[in-house]
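Descriptive analysis of the structure
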Amino acid sequence: MRGVRFLPLLIAAACAAPKSPSPPAQLEQRPAREAAAVDRVTLVFSASVAGLIVPCGCSPDQHGGLPRAAAYLRKLRQTEPDLLFVDAGDLLFETFARPPAQMLTQKQLKARTLAQGDVLLGAAARAVGQRDLALGAPFVGETAGGIPLLGAGVAPVPGARETLIASAGWVKVGLFAAGFEPDVAATLAARARALRDQGARIVVLLLHPRGPTAFTAAQALLPSAREARVDVVVLGRRDDPAADPNAKDPGLPPLLAVEGNGQSLLRLDVHLGDGPLTLAPTAEDRDQELKGLDARIERFRLQLAAAPQRREQLQAKIRELEDRKRALLAAPLPQPTPGTSWAQATFVPLTKELGADADAQKLVDAYDQKVTELNLAEARRQPESCPPPAPGERSFVGVNGCVKCHEEATVFWTETKHAHAYQTLVTVKKQFSLDCIQCHVTGWQQPGGVCRIDRTQAGGPGVNGRGIGRQDVQCENCHGPGSEHVKDGTGDFIQLQVPASSCIRCHEAANSPHFDDAKYRPYIVGPGHGQPLAKGEKPRPRPGGPHHE
């Protein structure tokens, strides 16, 4: 559930759930200034960073990156010096599987850099999820960097703890991870009880549930978490870290899921009082509800245009939704009952406006430099070219093989962004990164393509300075290897129609967060490329419409 049910939820929750202990008696004996300091605690979480140090840079509006996270936390600590930052897990690698041999060295280096990043961010703890264990438990322990590790039951990790008490000023915050144990409910009860016995005022569960859909699996465990008197559940595992959105279930206890790949941070401002911790609505929650109403209104208007015979019924629906929208805008945000325990959860997108922390940027720059050195050294030990095709297998020929018969289409292509794809890597000094190269060259690791990052220029002079060798996104990236097509000349050995699924191989959520095939395709398909030219018309890219960003 992504919306927040407002005041009725707070009232029902306070009546239905078991009460958390009142503040320790010793707080009453402290000076008023000190007692006031424990009334509010700020916690910040990341989750499912999944091997991403910074965005790839393919889109100008990408969120995330270690330098931005560090800049945000550094500024926040100026006003909230006692805040706790916690890494909910799945930090080191993007998948559960061991990286392939060619990628292993870079992936190891990246994981070590991310672990160093957690140290720089001042993490109070890091949960260990499945993605962290791609190179085994010893590697996780080796990269801890002094940060306490919390095991979620995936595998025994050297030095990992079951629970941890962290101090946020005067407040003791109990942290533990779980989700993969044989009896999860029993684990939650035992670990939460141990933390309460140690004086924890707030108990936070970093959850890594089993199951194909993490958020749904987490919701199924909320009754057990409530019985264990857990205050808040932060989901450590996202199914698709790049695409799964921020989400809230404001039940008891609240379940919070921050989007992965380091795109956002979760900020939780906790106000301590009596009773169970409830989730209070924020302006962000109201904005989300308003957006949902706007979307429904727009759908009904589209239906009205398509089915005028239903005008009366559809107009009534539109009026009803508009009335709800006006009421929501006019009403103040519901306020929690004074004296109760409550929290507001805010998702903080890591945008370029946050700036970049200098120390974190140095760490990233050092990683990029080391990646270049390692990958170039490794490339020089590899064969000059890709292996030849197997019998019956097609191979890549490069854009110079296409221009012979498709001059107009090729000239059109030179004016598109696809023809400048390699230069975008050079600009940000990532042309020797194995994470990036495959989507900026043609035929990566394929017969006739490019198999060495230092040999991308081999294979032909290109056209008008574009597509030199196998650099750039050339014709065959979309239409398939052309070796048989150049011999045959028919359409039997080439993909004439390119489905959106072909584009999404590179324009995935992490690289192109707002990719829309219908909106973007006209920039690469138009007169001279997929459409006939009128007499005297020159091939040119065609805009994608008034809503293109």
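Just so it is clear, the model here is predicted, and its values are computed rather than measured.

Let's shift gears to a positive patch on the surface. Among the surface-exposed residues, Arg296, Arg299, Lys317 and Arg324 lie close enough to one another that they form a single positively charged patch. Looking at the positive patch, the elements that each hand over two or more residues are α10 (283-306) and α11 (311-330). Locating Arg296 in the fold gives a position in helix α10.

Right, let's talk about the packing of helix α5 (residues 101-121) against helix α12 (residues 358-379) for a bit. Between α5 and α12, the shortest axis-to-axis distance is 10 Å and the interhelical angle comes to 170°. The orientation of α5 relative to α12 falls into the category roughly antiparallel. In contact with Thr105, Gln106, Leu109, Lys110, Thr113, Gln116, Gly117 and Leu120 of α5, α12 contributes Asp359, Ala360, Leu363, Tyr367, Lys370, Val371, Leu374 and Asn375. The residue makeup of the contact of α5 with α12, split by class, is seven nonpolar, six polar and three charged.

The next thing to look at is the state of the cysteines. Counting across every chain of the model gives two disulfides. The disulfide that involves Cys386 links it to Cys451, with 2.0 Å between the sulfurs. Around the S-S axis, the bridge from Cys386 to Cys451 shows a dihedral of about 110° and counts as right-handed. Of this pair, Cys386 sits in the loop between α12 and α13 (399-402) while Cys451 sits in the loop between α15 (421-427) and α16 (475-479), and the two are 65 residues apart along the sequence. Each of the two residues, Cys386 as well as Cys451, counts as buried. Each disulfide of the protein joins two cysteines, and with those cysteines numbered along the sequence the arrangement is 1-3, 2-4. Cysteine Cys405 is unpaired, with the sulfur of Cys402 as its nearest cysteine sulfur at 9.1 Å.

With respect to topology, six strands assemble into an open sheet ordered β5-β6-β7-β8-β10-β9, the strand pairing being mixed. Since the sheet does not close on itself, it has two edges, and those belong to β5 (163-168) and β9 (247-249), each with one partner. Here the strands of the sheet are splayed against their neighbours by 20° on average, with no regard to which way each runs. Across two bridges, strand β8 (residues 232-235) lies against strand β10 (residues 255-257) in parallel orientation. Its bridge partner lying in β10, Val233 is registered against Leu255.

What counts, and at which threshold
Position numbers for residues count from 1 along each chain, tracking the sequence in the order it is written. This being a predicted model, a pLDDT of at least 70 is required before a residue's local features are given, and a value of 80 or more before pairs of side-chain atoms are given or counted; all residues contribute to the totals for chains, interfaces and linings. Excluding hydrogens and water, the side-chain values take into account all heavy atoms of the structure. Residues enter patches when they are more than 30% accessible in relative terms and free of salt bridges; like-charged ones are connected within 9 Å and nonpolar ones (Val, Leu, Ile, Met, Phe, Trp, Tyr) within 5 Å. With residues, only the protein chains shown are counted as cover, and all accessible areas are computed by Shrake-Rupley using a 1.4 Å probe. In what follows, salt bridge is the name for a side-chain nitrogen of Lys or Arg lying within 4 Å of a carboxyl oxygen of Asp or Glu. His is not counted, nor are the chain ends; Lys and Arg add positive charge and Asp and Glu add negative charge. Taken as the charge location is NZ of Lys, CZ of Arg, CG of Asp or CD of Glu. A run of H or I in DSSP becomes a helix once it reaches four residues, and a run of E becomes a strand once it reaches two; helices and strands are each numbered from the N terminus. Each axis is a line fitted through C-alpha atoms, taken for helices only over the stretch in contact, and angles between the N-to-C directions span 0 to 180 degrees. In these notes the angle categories are as follows: under 35 degrees is roughly parallel, over 145 is roughly antiparallel, 65 to 115 is roughly perpendicular, and the rest is oblique. Whether two residues are in contact is decided by their heavy atoms, any of which lying within 4.5 Å being enough. Polar here means any residue other than Ala, Val, Leu, Ile, Met, Phe, Trp, Tyr, Cys and Pro, which are nonpolar, and Asp, Glu, Lys and Arg, which are charged; Gly is therefore polar. The term disulfide is used for any two cysteine sulfur atoms that are within 2.5 Å. Exposure classes here rest on a 1.4 Å probe applied to the protein chains alone. A residue is buried below 20% of its type maximum, exposed above 50%, and partly exposed in between. Whether two strands pair comes down to DSSP finding at least two bridges between them.

On their own, these measurements won't tell you what the molecule is for.
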